[in-house]
Amino acid sequence: MEIHLNRVDYIQVGVTSQKTMRLLPAVGKKATQKVAVADHDGILTCFGMKKGEAVPLFKTLPGQKITRLDLGGAAGTPQEKIFVCSGSQVRGFTKKGKQFLTFEANLTESINAMHVSGADLFVCASYIYNHYCDCKDQDYYLSGDKINDITCLSSENLTRFVPILACQDRVLRVLRGSELAYDIEVPGPPSLLELYNKDGGEEILYGTTDGKIGLVHIGESSASTKWEIDNDKKKGGILCIDTYDIVDDGVNDLLVGRDDGTVEVYGFDSASEPTLRFEHVLSESITSIQGGCVGKESYDEILTTTYTGWVTGLTTEPQKAEAGPGDEIRMSKEVQSKVEALRSELEQLQVKVLQGREQYQQTSQSSTAVSAVPVFSINDKFTLCQDDASYSLMLEVQTAIDNLLLQSDVPIDLLDVDKNSAVVSFSECDSEQPNGNFLLATYRCQANTTRLELKVRSIEGQYGTLQAYITPRLQPKTCQVRQYQIKPLSLHQRTHSIDQERPMNRLSLVGQFSFAEIHSWVVFCLPEVPEKTPAGESIAFYFHNTFLGTQLEATYCKGEGHFKSDNISTISILSDVLSKEATKRKINLNVSYDINDDSVSHTLKMIHPKLEYQLMLARKVQLIDALKELQVHEGTADFLIPEYRNILDESNNLLVEYKKQPAHLERLYGMITDLFIDKFKFKGQNVKTKVSSLLEILDNYDLNSLLDFFNEA
């Protein structure tokens, strides 16, 4: 079924966090609903629509940044009390704006997730979960990794409240009181949880930072996944989800908001499988999404809040009505009055801007002038993409970006991003100098660009810092710097388990170090490891290399660390970095290795399909110009063999793919060379003089010749 929705902008508040906008329950069926939205200025705004205009019902005074908003109320009554959290404090307001609750949770960190159900309040800080009933402590839980969201199930089939935590380590943790009942593995780091049925039930929806969505049925002692939606089209991560019957077919549809500005509606077929029915792209990330009736009675809509605070509706109300002559006059008067109101508002704003500029000029020229740097918010995300083993850097600013300077002290490749319309220019770097740069790139943005997405690929074993200098279109000129660590094993990603049947190399460390010290070394080496030292006496982490598909197991405790990998280069990098970190702290390490020669041929066989494909792609790209010249000369391509005709037909796609993956072949050559050097390094042999012979074999690549060279050398 086709869905036609029209965009309507209502109001703009300050910068917003995830899940900080909700619709209050409607008074009658299909009646318009009031909207509650909270922002980083600490202001809670509640507004409704009157004669096509957004009319505020109440606004609170500015204060500390509000990170979450939820609705609650006594069980069995309309859930119309508004709860907001800022810092470690939770406040409650009635629908008319009267504050009835101020509760201090006494947490050392700010609350970043909250759920309200009747007299029960569930809050989470980074690693801590707390349950309060009537503002009294009930349960407490310390999570093994960062908590991103919380929800709570209650149904007739469950004997108790079931809190569920969405944790960064790709796990949903189901609690029983203050204990972990069981956990559920999900395909990506979960960013949010939402009840599938708002009236209760045992099913929850989750969304991940890498854009996947799933539905899970929660039982007393185990869970089952009903369905999953993969992110095949490489859209943004999930920031918000809601369920609402926007199609009006009696079945709730799934409303999804992503961090790349995409709004999606999924309907359900007869087999209860979700299918995409509608998609709309806004220019900013969607922080909140709700289904309801806001603009006009009887017209359903999807209400969204964006990062910079725009409250926008996608409504079923037709914007251009087919009408008779009398209606046309009435419609034009409505539109005319709106235009007049907008013109008058614009004139007032222009006057305010002129007054502000004059005032600034006067104060800046006075003898007591103090330079005031404009403050602006930046929303940034630096994540490893599993599909192409690259890092995605997303930067979003509350005002238009003028330019962005990228500076790196480690070798990285910049990859093409289709969505990026900024003009990039490179500056020469002198990487030989101490603290020299390997990359200096400037992105000049087009007018009104508030969001920029970049992709970079790092080299494992080379570690350092990537810095982004963001300059917005503000006067006076100001700039903010963001730093991102490129770790020694930067292309590794956390996983739940590994294949123990593969040929493994082992690295063991023994020394006078604490559990916290070795954990800090592992955090330094590998991404997606929680900075907080895990509870207990020992821990095991599993990783897979997103570029090659090799794996790593890290198990350690006080005074001991054991690392296993089927890639000898991974063991070599870990050995070098961990020894260096221990030396910095003046800790003596007893390092031992157990090298499995079979692992080298195993790794080469894993590289083989990638290398073969890239060599074939490079060969085809080299032929394109010559084949095009022949085609022009002969006036036809019919005389060519089918393989060459196919290259001509696919030439555009081949060039795009080749351009998207610069230095891909060189990267694979580098990995094979490192593997060769590392294999013999552990045997105490220096084979750098034989690297030129290895490169000759790679230029005339054949897997068996390469395996023979590794074995004979």
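- As annotated in an unreviewed UniProt entry, the chain is Bardet-Biedl syndrome 7 protein from Dissostichus eleginoides.

## Concerning the overall build of the chain
Here's step 1: The helix and strand tally for the chain stands at nine helices and 43 strands.
Here's step 2: Taking 2.2 N^0.38 as the reference for a compact globule, 713 residues should give roughly 27 Å; the C-alpha atoms of the chain span a radius of gyration of 29 Å, in line with that estimate.
Here's step 3: By principal-axis analysis of the C-alpha atoms, the chain measures approximately 90 × 75 × 75 Å.
Here's step 4: In the chain, 57% of the contacts between residues at least 6 apart in sequence involve partners at least 24 apart.
Here's step 5: Split by element, the accessible area of the chain, about 34900 Å² in all, is 48% carbon and sulfur.
Here's step 6: Across the chain, the mean location of the 72 positive side-chain charges is 5 Å away from that of the 98 negative side-chain charges.

## A closer look at a negative patch on the surface
Here's step 1: There is a patch of like negative charges on the surface, built from Glu 228, Asp 230, Asp 232 and Asp 387.
Here's step 2: Checked against the element boundaries, Asp 232 lands in the loop between β21 (223-229) and β22 (238-244).

## So, the state of the cysteines
Here's step 1: Per the counting criterion, the structure on display carries zero disulfides.
Here's step 2: Not engaged in a disulfide, the cysteine Cys 385 finds its nearest cysteine sulfur in Cys 445; these two sulfurs lie 20 Å apart.
Here's step 3: Residue class for Cys 385 comes out buried when judged on its relative accessible area of 19%.

## A look at the packing of aromatic side chains
Here's step 1: In total, this model carries 16 aromatic pairs according to the counting rule given.
Here's step 2: Here Phe 83 and Phe 100 contribute two aromatic rings whose centre-to-centre distance is 5.8 Å and whose plane-to-plane angle is 85°, an arrangement assigned as edge-to-face. In this pair, Phe 83 is assigned in strand β7 (residues 81-86) and Phe 100 in strand β9 (residues 99-104), connecting sequence segments 17 residues apart.
Here's step 3: Residue classification places Phe 83 among the buried positions, given a relative accessible area of 9%.

## A few points about the environment of Asn 596
Here's step 1: Its place among the elements puts Asn 596 in the loop between β43 (589-594) and α4 (598-634).
Here's step 2: Asn 596 gets classed as partly exposed once you look at its relative accessible area, which sits at 25%.
Here's step 3: Taking the C-alpha atoms as reference, Asn 596 lies 15 Å from Ile 677; in sequence the two are 81 residues apart.
Here's step 4: Of note is the side chain of Asn 596, whose polar atom sits 3.0 Å from the backbone nitrogen of Asp 598.

## What about the sheet that holds strand β14 (residues 147-153)?
Sheets are built from strands paired through backbone hydrogen bonds, the pairs being either parallel or antiparallel.
Here's step 1: With antiparallel pairing, four strands are arranged side by side in an open sheet as β14-β15-β16-β17. For this open sheet the edge positions go to β14 and β17 (179-185), each flanked by a neighbour on one side alone. Going from strand to strand, the sheet's axes swing by 25° on average, the running direction of each strand aside.
Here's step 2: Across six bridges, the pairing between strand β16 (residues 171-176) and β17 is antiparallel. In the sheet register, Leu 172 faces β17, and the bridge partner there is Ile 184.

## Comments concerning the environment of Glu 643
Here's step 1: Relative to the assigned elements, Glu 643 resides in helix α5 (residues 642-649).
Here's step 2: Assessed through its relative accessible area of 38%, Glu 643 is described here as partly exposed.
Here's step 3: For the pair formed by Glu 643 and Cys 46, sequence separation is 597 residues and the distance between their alpha carbons is 65 Å.

## Looking at the nonpolar core
Here's step 1: Ranked by internal contacts, the top residues of the largest apolar core, which has 80 residues, are Leu 406, Phe 563, Leu 611, Ile 672 and Phe 710.
Here's step 2: When residues in this core are grouped by element, the largest group, eight residues, is from helix α7 (residues 664-681).
Here's step 3: Aside from chain neighbours lying at most four places away, what touches Phe 563 is Asn 505, Arg 506, Leu 507, Leu 509, Val 522, Leu 552, Glu 553, Ala 554, Ile 571, Leu 574 and Leu 578.

## A few points about the packing of α4 against α5
Here's step 1: Axis separation between α4 and α5 bottoms out at 9 Å; the angle between their running directions is 95°. Compared by their axis directions, α4 and α5 come out roughly perpendicular. On the side of α4, the interface is formed by Arg 619, Lys 620, Leu 623, Ile 624, Leu 627, Lys 628 and Gln 631, while α5 contributes Glu 643, Tyr 644, Ile 647 and Leu 648.

## Focus on the pairing of strand β23 (residues 253-258)
Here's step 1: With six of six residues buried, β23 is to be regarded as a mostly interior element.
Here's step 2: Here β23 shows a buried face lined by Asp 253, Leu 255 and Gly 257 and a second buried face lined by Leu 254, Val 256 and Arg 258.
Here's step 3: Note that β23 and strand β24 (residues 262-268) share four bridges and pair antiparallel. From the neighbouring strand, Val 256 faces β24, where its bridge partner is Glu 264.
Here's step 4: If you look at the hairpin formed by β23 and β24, you'll find three residues sitting between the two strands, and Gly 261 has a positive phi there, around 90°.

Definitions and limits used
- Residues numbered from 1 in each chain as written.
- Predicted model: local features only at pLDDT ≥ 70, side-chain atom pairs only at ≥ 80, totals over all residues.
- Heavy atoms only, no water.
- Helix = DSSP H or I, 4+ residues; strand = E, 2+ residues; numbered from the N terminus.
- Rg over C-alpha atoms; globule rule 2.2 N^0.38 Å.
- Contact = heavy atoms within 4.5 Å.
- Areas by Shrake-Rupley, 256 points an atom, 1.4 Å probe, with all protein chains shown as cover.
- Lys, Arg positive; Asp, Glu negative; His and termini not counted.
- Charge placed at Lys NZ, Arg CZ, Asp CG, Glu CD.
- Patch = residues over 30% accessible without salt bridge, like charges linked within 9 Å, V, L, I, M, F, W, Y side chains within 5 Å.
- Salt bridge = Lys/Arg side-chain N within 4 Å of Asp/Glu carboxyl O.
- Disulfide = S-S within 2.5 Å.
- Buried < 20%, exposed > 50% of the residue type's maximum accessible area, 1.4 Å probe, protein only.
- Phe/Tyr/Trp six-rings, centres within 6.5 Å; stacked < 30°, edge-to-face > 60°.
- Polar contact = N/O pair within 3.5 Å; in protein donor to acceptor, adjacent residues only side chain to side chain.
- Pairing = 2+ DSSP bridges.
- Axes fitted to C-alpha atoms, helices over the stretch in contact; angles between N-to-C directions.
- Core = buried A, V, L, I, M, F, W, Y, C linked by side-chain atoms within 4.5 Å.
- Parallel < 35°, antiparallel > 145°, perpendicular 65-115°, else oblique.

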